Amino acid sequence: MSTNITQINCPSCGAPVEISAKECEFCHGPVIISTFRSVYEMPLPSINKYATAYKKELASSPDNPELNNSIAMCYLKLKLYTKAVQGFELAVADNIDNSESYFYAAVALLNGKKAFLASRNTIDKIEEYINAAIAIEPKGIYYLFFAYIRYDYYFRKHFKIEPNYAELLRKANTAGYSREDSDLLFDILSVDKPQDF
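Cut-offs used in this document
- Residue indices begin from 1 for each chain and proceed along its sequence in written order.
- In keeping with the predicted nature of the model, local features appear solely for residues at pLDDT of at least 70, side-chain atom pairs appear and are counted solely at 80 or more, and the whole-chain, interface and lining totals rest on all residues.
- In computing side-chain values, all of the structure's heavy atoms are included and hydrogens and water are not.
- Here a helix means four or more residues in a row that DSSP labels H or I, a strand means two or more in a row labelled E, and each is numbered from the N terminus.
- As a reference, a globule follows 2.2 Å times the number of residues to the power 0.38, and the radius of gyration itself is taken over C-alpha atoms.
- Exposed residues in this analysis have more than 50% of their type's maximum accessible area, buried residues have under 20%, and partly exposed residues fall in between, with area computed by a 1.4 Å probe over protein chains only.
- We call two residues in contact when some of their heavy atoms are within 4.5 Å.
- Under the convention used here, a 1.4 Å probe and the Shrake-Rupley method define accessible areas, while residue burial counts only the protein chains that appear.
- The charge count includes Lys and Arg as positive and Asp and Glu as negative, but it does not include His or the ends of the chains.
- Where a charge sits is defined by one atom per residue type, namely NZ (Lys), CZ (Arg), CG (Asp) or CD (Glu).
- As used in this record, nonpolar core signifies buried Ala, Val, Leu, Ile, Met, Phe, Trp, Tyr and Cys residues forming a set joined through side-chain atoms within 4.5 Å.

Asker: Lay out the overall build of the protein in plain terms, naming residues and giving numbers.
Answerer: The helix and strand tally for the protein stands at 9 helices and 2 strands. Going from N to C terminus, the protein has its helices and strands arranged as β-β-α-α-α-α-α-α-α-α-α. Here the C-alpha radius of gyration of the protein, 17 Å, is about what a compact globule of 197 residues would show, namely 16 Å. Along the three orthogonal principal directions, the C-alpha set of the protein runs to about 55 × 30 × 30 Å. Looking at the 197 residues of the protein, the share that counts as buried comes to 46%. Within the protein, residue pairs in contact and separated by at least 24 positions form 56% of the contacts whose partners lie at least 6 positions apart. Counting only carbon and sulfur atoms, one obtains 50% of the accessible surface of the protein, whose full area is about 10,000 Å². Averaged over its 21 positive side-chain charges, the protein has a centre that lies 7 Å from the centre of its 24 negative ones.

Written as structure tokens, this is what we have:
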């Protein structure tokens, strides 16, 4: 059961703020990290500060999906993949409608390595999460990541599976994504973008 809290201390400056606020009225930093873009350009000391603040808040509200998602985003940026997966899984346990949590849990499961090197069990779990994300909100970036999995794990190992990576790339293009989305995805994955992508 989710713990409903309305106020936390700002992860950046420590001022009391409403959890529903997008940014702190005092320091103008984000209160809750809801997308990876929020932490992407943040310096590592700031991300550590945010992660520490969220960890402190989670001690009294361990089932809060917003806090679990926020700390998981910090862990993902810090390349603490196991902790990121745990945070995202806790977030979706209490909010099954957040497609971003499923998506980033799937991304974190690769541990900063190529899909080619992952175990079949890990790939199955990634596909479970990415399918959940797509079922909630069919974003182009989700299809792009799914295409990458189908390319790097299946196509490169000469496994036949439907839909194949080319079909998923077409779905990604139809759903729409930007070059910036694509660059961000492969930067998070810490792998080179395949030539076809």
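Asker: Hey, could you go over the nonpolar core for me, with residue numbers and the actual values?
Answerer: Core analysis: the largest hydrophobic core is formed by 69 residues, its most contacted members being Phe103, Phe145 and Tyr148. At the level of elements, α2 (44-60), α3 (65-77), α4 (81-94), α5 (99-108), α6 (120-136), α7 (140-154), α8 (165-175) and α9 (179-189) are the ones that each hand at least two residues to this core. The element best represented in this core is α7, accounting for 12 residues. What Phe103 contacts, discounting residues up to four positions off in sequence, is Ile130, Ala133, Ile141, Tyr142, Phe145 and Leu185.

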